[in-house]
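Chain residues, written in single-letter form:
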Amino acid sequence: MKMEFPHRTKLVLSLFSILTLSAFNFTHVSGLPGRQLLQTENTSEPIRHSDDTVRVDPLDHFNKYRGGFHITNKHYWSSTIFTGIPGYAIGVVWLLCGIGYGGFLLVRTFWCKSGNRKLKKKRFSCYKHCYLWHILLASFFTILAIVASGLVLGGNVKFHSRASTVVDIVIEAANNASGTIYNTTGAMRNIRENLETIVVGFQASNFLTSTSDQLDGEAADIEREARKNRRLIDKGLNIVYIITTVIISLNLVAVIALSVSGFLKFRRAVHWFIGFCWFLTFLCWLFFGIYFFLENFAGDTCTALEDFQQDPYNSSLSSILPCDELLSAKPVLSDVSAGIYDLVNEVNSNITSLQQTSSLNLAYVCNPFSAPPEYKYLQGNCPENTIPIGEIPKVLKIFISNSNLRTVEAYTTSIQNLLNAYPGMEDLVECQTVKDAFSEILIKHCKPLKRYVRMVWVAMVFLSVIMVVLVLVWTTKACHERNYHSLDGSVKPHIAAANMLDSGMAKASNGNTDHTLV
């Protein structure tokens, strides 16, 4: 059996040149979560934007942004964040109104004299009626605030959980890429050790050593970037989750405390809790804007993923993913597949010749690739009467010398190691790892993610409106009580004296009338 060993060595080396290109480009995929990305330019045809984003960009003098989903563009981020302006604006206006009203009360307290005010019996007579209505309204809106707070907390938990799952999928894709490279470099070292038993030349051995070291460095970079970006994203998600939870929890406690203080007529405590609830209402409006922006960003991301699934090489994500560059390595991979396919066919042809000229019954070698032009890798689809390439030395050991057997073992083991790593290399070249991750996110997580973030901002609007009404109700009640109560919540003495005086005058008048009748 005749084998061209130098040609086989060239085949092995060309296969690993693909890994070098793949690893150098895929390193940038791990930067996707943290937006530390590779920017490439594709001038062959315009990038398709199926989302047709048109938004006001405050960084561009409030002109319209029409660039579509572009995670590295500051104008995309400013226009998307600006979509939450209803919440930001209402919150700021509410806060300014609170500051203005508080300033007015301070001026009124220090500069106005309440002793000169005249009290009207008509107002005092309706006090109980107004108090009852205040209590009913406050109780009703307090219950609504508690329900709305529960909706916000529940939606926030679900949104955080779903967002963390999406991050895990992206990070796992990066880890799988680095794992594939590590598996391949392990195969390269085994090949180098096998080829050291035969004369393959210093250049080939040096190439295997240097390339495996470079690939290990790139795999380590992918893992390092993945860990760093995971920490950054988890930190950001946790900050939003914790701050939202703390604000809503404090708001829940403050609402209950305000109601209890109001029912028990703790006037000073009511004033403090009104101010605190006023500020928490401002934060609720602010976070409504933030979550509204997050829903738009989630929608843009899912639309971009759908666009990527339709055409990975001409989508809004093409500028941040190396799939287009990795595609250039596919012809080299096809050449390697064709070389192994021809090699196996050559071996099987020699086996057929031996069977025709002798009585030997040799098993054919399983060809791991389909016929041209596809050369599709057929993993585990060998017929029953064939043997893998790695088992060729077992068949030939009784027909060739020991020195030739060692040579055959070195090359067949090397090629088998390449075949074991081939599926991972093929996935890298075709960007299949990224495609699978995006497909899982698009199918399983996009709709729930958008649903939960929408649930949060809708509940936040509901809570904010309720808080505005509730704070105004208690503010009105506090102003109403200011005219009739002292600081400790009791009835003012001069009001009681006036009532007693009126009662005494009425009795005296009745007594005089009776005396006159007698």
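Since we're looking at a predicted model, the values are computed, not measured. (Residues numbered from 1 in each chain as written. Predicted model: local features only at pLDDT ≥ 70, side-chain atom pairs only at ≥ 80, totals over all residues. Heavy atoms only, no water.)

1. As for the overall build of the chain
Along the backbone of the chain there are 13 helices and 4 strands. Among the 518 residues that make up the chain, the fraction classed as buried is 43%. (Helix = DSSP H or I, 4+ residues; strand = E, 2+ residues; numbered from the N terminus. Buried < 20%, exposed > 50% of the residue type's maximum accessible area, 1.4 Å probe, protein only.)

2. Description of the nonpolar core
One finds Y291, I441, M460 and L463 to be the most contacted residues of the largest nonpolar core, which totals 71 residues. Among the secondary structure elements, those contributing two or more residues to this core are α2 (74–81), α3 (85–111), α5 (127–195), α6 (202–263), α7 (267–310) and α12 (432–482). Per-element accounting of this core gives the leading share, 21 residues, to α12. Non-local contacts of M460, meaning those with residues more than four positions away in its chain, are made with V152, T244, I248, C284, F287, F288 and Y291. Counting residues in each nonpolar core, the second largest holds 25 residues, with A338, V344, L362 and L419 among its members. (Core = buried A, V, L, I, M, F, W, Y, C linked by side-chain atoms within 4.5 Å. Contact = heavy atoms within 4.5 Å.)

3. Some thoughts on the packing of helix α9 (residues 330–357) against helix α11 (residues 402–429)
For the pair α9 and α11, the least separation of the axes is 12 Å and the interaxial angle reads 150°. Put simply, α9 runs roughly antiparallel to α11. Where α9 crosses over α11, the handedness of that crossing is left-handed. Contacts between α9 and α11 involve K330, L333, S337, I340 and L343 from the first element and I415, L419, Y422, E426 and V429 from the second. (Axes fitted to C-alpha atoms, helices over the stretch in contact; angles between N-to-C directions. Parallel < 35°, antiparallel > 145°, perpendicular 65-115°, else oblique. Left-handed = near helix turned anticlockwise from the far one by under 90°.)

4. Topic: the state of the cysteines
All told, the structure shown has 1 disulfide when counted by the stated rule. Between the sulfur atoms of C302 and its disulfide partner C446 the distance amounts to 2.0 Å. Around the S-S axis, the bridge from C302 to C446 shows a dihedral of about -105° and counts as left-handed. With C302 in helix α7 and C446 in helix α12, this residue pair connects regions lying 144 residues apart in the sequence. There is no split in this pair, since C302 and C446 are both buried. Sulfur of C284: no disulfide; nearest cysteine sulfur belongs to C277 and is 9.5 Å away. (Disulfide = S-S within 2.5 Å.)

5. Looking at α9
In a regular helix each residue adds 1.5 Å, so 28 residues correspond to 40 Å; α9 covers 41 Å between its end C-alpha atoms and thus fits that length. When α9 is considered as a whole, its buried residues turn out to be L333, V336, S337, A338, G339, I340, Y341, L343, V344, V347, N348 and I351. (Expected span 1.5 Å × (residues − 1).)

6. Focus on the environment of L144
Inspection of the secondary structure puts L144 in helix α5. Taking the relative accessible area as the measure of exposure, L144 reaches 23% and is therefore partly exposed. The sequence separation of L144 and I466 amounts to 322 residues, and the corresponding C-alpha distance is 7.0 Å. Every residue in contact with L144, bar those within four places of it in the chain, is listed here: F462 and I466.

7. Section: the pattern of salt bridges
The final tally for this structure, using the stated rule, is 2 salt bridges. R55 is the salt-bridge partner of D300, the closest N and O atoms lying 2.7 Å from each other. Taken as a pair, D300 in helix α7 and R55 in strand β1 (residues 55–57) lie far apart in primary sequence, 245 residues in all. R55 matches D300 in its accessibility class, with the two residues each being buried. With a closest N to O distance of 2.7 Å, E295 and R454 form a salt bridge. Linking E295 in helix α7 with R454 in helix α12, this pair joins segments that are 159 residues apart in sequence. (Salt bridge = Lys/Arg side-chain N within 4 Å of Asp/Glu carboxyl O.)

8. Let's talk about the packing of aromatic side chains
For any pair of aromatic rings, the description consists of the separation of the ring centres together with the inter-plane angle of the planes. Throughout the structure, instances matching the rule amount to 22 aromatic pairs. An angle of 40° between the planes, with centres 5.9 Å apart, marks the rings of F279 and F282 as tilted. Placement of the pair is F279 and F282 together in helix α7, with a separation of 3 residues, close to one helical turn. With a relative accessible area of 40%, F279 lands in the partly exposed category. A relative accessible area of 13% means that F282 is categorised as buried. Both rings, one in F308 and one in F438, keep their centres 5.3 Å apart while their planes meet at 75°; by these two values the pair is edge-to-face. Of this pair, F308 sits in helix α7 while F438 sits in helix α12, and the two are 130 residues apart along the sequence. Neither residue differs from the other here; F308 and F438 are each classed as buried. (Phe/Tyr/Trp six-rings, centres within 6.5 Å; stacked < 30°, edge-to-face > 60°.)

Everything listed here is a matter of coordinates, which is why it stays silent on function.
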